[in-house]
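# Summary of structural features
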Amino acid sequence: MKRVALVLLLAAGFTAAAQYGPQRSPSAPFDLRTDMWNAKWISVPGTPALDYGVYYFRKDVDLPAVPARYTVHVTGDNRYKLYVNGILVSLGPAKGDATHWNYETVDLAPYLNGGRNVIAALVYNEGHLRPISQVSIGSGFLLQGEGEAAGLFTDRSWSCIQNPAYSRVNAIVSGYYAAGPGERVDMNAIIPGWQEAGADLSAWQPAREGAAGEPKDVVSSNETDTRCLVPSTLPQMERTPFPIGKGFLVPSHTKKEFLLDNKVLTNAYFHLRMSGGKDAKVNIGYAESLYIPDGSGPTYNLTPEQLAQVPEEFLNYVLAPKVKGKGNRNGTEGKIFVGREDQLVSNGLDGQEFTTLSWRTFRYVRIQVETADEPLSLDEISGIYTSYPFTLDASLETGSQELKDILEIGWRTARLCAWETYMDCPYYEQLQYLGDTRIQALITLYNSKDDRLVRNFLHQADISRNVDGITKGRYPSAVPNYIQPYALSYIYALHDYMMYGGDTQFVMDLLPGAEQILHYFSRYQLPDGRLKDLPGWSFSDWVEDRPNWSNGAPQKGADGCSILMDLQLLYALQLMAHMEEVRGNTWQAGEYRNRAARLTDGVRKSYWNAAKGLFADRVEQDTYSQHGNALAILCGIAADPKALAQKMLADETLAQCTVYYKYYLHEALVKAGLGDGYLDWLDIWRNNMALGLSTWAETSDLNGTRSDCHAWGASPNIELYRTVLGIDSDAVAFRKVRIEPHLRDIRQIGGTIPHPDGSISVRYQVQGGRLQATVELPDGVDGTLVWKGKKKRLHSGINNLNIK
């Protein structure tokens, strides 16, 4: 018995030492990345770790004078907002996973005073309805000071309280939704001035200490917490205030509804200041567009008893009304409002302030007010725009207003789908899908010098791989999702960054993970290289009205194979062979080329129909698509790519690419020599504009599309520069350029794109078939200009060319 007790004591001591680290003075220096932190995760005593809740933490700090620097490292779960003397200084953490839990580094010195300072944080947990992109271990806050601030760290000396005013509101929207609940705030129960020096702290209590902050590189036996800390590589997101609508006065005992049109879609923290109106109810709804009603009521007509049995996370699908579509987005007459809501109850005081905890996506805002015995004044209705803080470093010099509008809408779409990760859509899912993001990352590289979000995406895709070697279809995500083609899209994106980005070694470091992906696919390859019975979701495109396509995936043949999967793998093998060659791994490059050659033969023998002059989708050769034939051109396996491309454009019996896969279709058409027709291929974008969209819709069915904002449709923000202006990388890290403009009827045009070493600018004027071109390249970059088959050498600096 004594021996058992001794073993238990020793084990307890070991665990404590591992969890809290070696004993040291709180002010003693230590390495944030390799040593356990002095700071402990803190939470509010008596609160469940995973339930919905809004929590406040604060600590007063006395300083004799304002220091030159006062650096802290801060994070939270789910989300935190850090305030210094009432000023918001940091929001986070940047989204990651449990083994890569981001913390932000902030210098508080600009916000400090000599004397008393209040360091305060709001932490909120959206409970089991939190966004799927939000990984969570349990509510908590962590702050660790460094240098002058080394004595400031979270422990039980911090005060805390739960804000009882908050509860959640289930989002009732049309379509699949994964972006979190709304907020219900009873202003009668709020805690006023909680982050100010004069706050009443009588109801606050000491924080509950949890595990010490644990960097990812620390090896410990800490089993009570699995958040492994890493420094965020991202900046703070943009926060820019803007007005939404004028104020309103609602008399007592009145129901009133206001519909506000922001004119364009936006992401924003919604802000409302109101006065009076004791116990008035205010519902605030947010929608991308209004809907044409079906007229038959909810999708499911359930009794109250049946409704009570529906799990909360499925209420959206049960309560959403039937709709016919959206129509022109500018129209409001005869339409209904369906959207996520926040709900407020007024406490009757002047100057009540409400700002959403998380941002909302909207063009339309509906405010419904029901007053009691007092009138309610809505004094200010505004928003705080937020997105990743990209700067636009590309420009197109053109007299075409249509092209300017396409670029403006595309850039707005790209920005609204970029925050702490890229997102498929900001309203419905906010998830970083690898296939979508391949295009979004390339939009970034063609339009902005800031590549940090691109690198973040590539890193997160790499760490999403499971034990079988395959990436998740989307990441970060609390719910696993596997889309096998998207693992291959990640390899395409790696190659993109190798060619257009400025850090080749970053790509080389990720190649071992990409090799595992291709090894995963090798397990399902037949002797001829084709893929048989690949598991998971083989989503490729939202093809409409084709019985041989289901849920975005083409039907396989009786042999379990499909040309789309085979060619997407072939494309990845070809790009991987190039990357391995750059890495210096010639043997592995040769192996991938051998696999590619075998697969090429298998594809040609199984799918090519000489009589039709097309590649079929499956071995029965009974279905055909633009997708398969476009990929055949991109992979270089078409004997006559130009003839194949012309047939793809002319044959409307083929399954047609929607707005997502038009990126690959257009790339194939250009490769086949049809690039002068690019401006003829923009009908889906013209249709978006004709229907009043301010961002590009998710699908080509513009009336029935779920999301009005999907950045996979913003490919013109690549191709107007890469195809029309003709600016493309011709070597690793963009060290060489190939410039081949496709101008057709354009007589004068120019533009600039960012480059890892500066920028590339071109100016063209065409007269009588003669091209006058001015091309400016960064130092150390040279290349070739191609015009109607003629090639001219380009050198660093300014090149003036006159080509007949």
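Quick look at the structure, then. Each chain carries its own residue numbering, running from 1 in the written order of its sequence. Confidence filtering applies because this is a predicted model: local features only for residues at pLDDT of at least 70, side-chain atom pairs given and counted only at 80 or more, and all residues used for totals across whole chains, interfaces and linings. Excluded from the side-chain calculations are hydrogens and water; all other atoms, namely the structure's heavy atoms, are used.

### Quick look at the state of the cysteines
The criterion, for reference: Note on disulfides: each one is a pair of cysteine sulfur atoms within 2.5 Å. Type-normalised accessible area, obtained with a 1.4 Å probe on protein chains alone, sets the label of each residue: buried when under 20%, exposed when over 50%, and partly exposed for intermediate values.
Throughout the structure, instances matching the rule amount to zero disulfides. With no disulfide of its own, cysteine 561 lies 16 Å from the sulfur of cysteine 635, the closest cysteine sulfur. We classify cysteine 561 as buried; its relative accessible area is 0%.

### Notes on the environment of arginine 793
Heads up, the rule is: Numbering of helices and strands runs from the N terminus; a helix is a DSSP stretch of H or I covering at least four residues, while a strand is a stretch of E covering at least two. Working rule for contacts: check all heavy atoms of both residues, and any pair within 4.5 Å makes them a contact.
As for its position among the elements, arginine 793 is in strand E37 (residues 790-794). By relative accessible area, arginine 793 is classed as exposed at 64%. Sequence separation between arginine 793 and aspartate 782 is eleven residues, and the spatial gap between their C-alpha atoms is 7.8 Å. Filtering out sequence-adjacent residues up to four positions away, arginine 793 remains in contact with Asp782, Gly783 and Asn799.

### As for the packing of aromatic side chains
We count it as follows: Only rings of Phe, Tyr and Trp enter the pairing, Trp through its six-membered ring, and a pair is recorded when the two centres are within 6.5 Å. The plane angle decides the type: under 30 degrees is stacked, over 60 is edge-to-face, the rest tilted. Think of it as a cone above the ring: NZ of Lys or CZ of Arg counts as a charge over the ring if it is within 6 Å of the ring centre and within 35 degrees of the ring normal.
Applying the stated criterion across every chain, the model contains 33 aromatic pairs. An angle of 85° between the planes, with centres 5.5 Å apart, marks the rings of tyrosine 520 and phenylalanine 521 as edge-to-face. In this pair, the class of tyrosine 520 matches that of phenylalanine 521, namely buried. Chaining the aromatic ring pairs together yields one cluster made of Tyr433, Tyr486, Trp537, Phe539, Trp542, Tyr660, Tyr661, Tyr663, Tyr664 and Trp712. The cationic tip of arginine 227 hangs over the ring face of tryptophan 41; the distance from NZ or CZ to the ring centre is 3.6 Å. Directly above the ring of tryptophan 101 sits arginine 227, whose terminal nitrogen or CZ lies 5.8 Å from the centroid.

### Quick notes on the pattern of salt bridges
Worth spelling out the cut-off: A side-chain nitrogen of Lys or Arg and a carboxyl oxygen of Asp or Glu constitute a salt bridge if their distance falls within 4 Å.
The full count for this structure, using the stated rule, is 41 salt bridges. Between glutamate 402 and arginine 686 there is a salt bridge, and its shortest N-O distance comes to 2.9 Å. One end of the pair, glutamate 402, is in helix H4 (residues 401-416); the other, arginine 686, is in helix H14 (residues 683-690), with 284 residues separating them in the sequence. A relative accessible area of 24% places arginine 686 in the partly exposed class.

### With respect to the side chain of glutamine 144
Inclusion rule: Within 3.5 Å is the distance limit for a polar contact, defined as a pair of N or O atoms, with the added protein rule that one can donate a hydrogen and the other accept it, and that residues adjacent in sequence qualify only through two side-chain atoms.
Residue position: glutamine 144 is located in strand E8 (residues 140-146). What makes glutamine 144 buried here is its relative accessible area of 0%. Within the structure, the side chain of glutamine 144 is placed 3.1 Å from the backbone nitrogen of asparagine 38, a separation counted as a polar contact. In contact with glutamine 144, not counting residues within four places along its chain, are Phe30, Leu32, Trp37, Asn38, Ala39, Thr71, Val72, His73, Ala150, Leu152 and Phe153.

### Describing the side chain of threonine 444
Checked against the element boundaries, threonine 444 lands in helix H5 (residues 434-447). On the accessibility criterion, threonine 444 (3% relative accessible area) is buried. Among all residues touching threonine 444, those that are not within four sequence positions of it are Phe390, Tyr422, Asp450 and Val454.

### Overview of the pairing of strand E11 (residues 182-186)
Here is the rule: Two strands form a pair only when DSSP identifies at least two bridges running between them.
The pairing of strand E10 (residues 166-169) with E11 spans four bridges and is classified as antiparallel. Bridged to serine 167 within E11 is arginine 184. Direction of pairing for E11 relative to strand E22 (residues 340-345): parallel, over a ladder of three bridges. Following the sheet pairing, arginine 184 is matched in E22 by glutamine 343.

### Describing the environment of methionine 498
Along the chain, the position of methionine 498 falls in helix H7 (residues 484-500). Spatially, the C-alpha atoms of methionine 498 and alanine 478 are 30 Å apart, while their sequence positions differ by 20 residues. Setting aside its immediate chain neighbours within four residues, methionine 498 contacts Thr504, Val507, Met508, His578, Met579, Val582, Val732 and Ala733.

### Examining the nonpolar core
For the record, the criterion: Residue types Ala, Val, Leu, Ile, Met, Phe, Trp, Tyr and Cys, when buried and joined through side-chain atoms within 4.5 Å, form a set referred to as a nonpolar core.
Counting residues in each nonpolar core, the largest one holds 150 residues, and the members touching the most others are Leu458, Leu494, Leu518, Phe521, Leu743, Tyr764 and Leu785. What phenylalanine 521 contacts, discounting residues up to four positions off in sequence, is Ile470, Gln484, Ala487, Leu488, Leu531, Leu534, Met565 and Leu569.

### A look at the pairing of strand E32 (residues 736-739)
Here E32 shows a buried face lined by Val737 and Ile739 and an unburied face lined by Lys736 and Arg738. Direction of pairing for strand E31 (residues 727-729) relative to E32: antiparallel, over a ladder of three bridges. Residue isoleucine 727 lies in a different strand from E32, and its bridge partner there is isoleucine 739.

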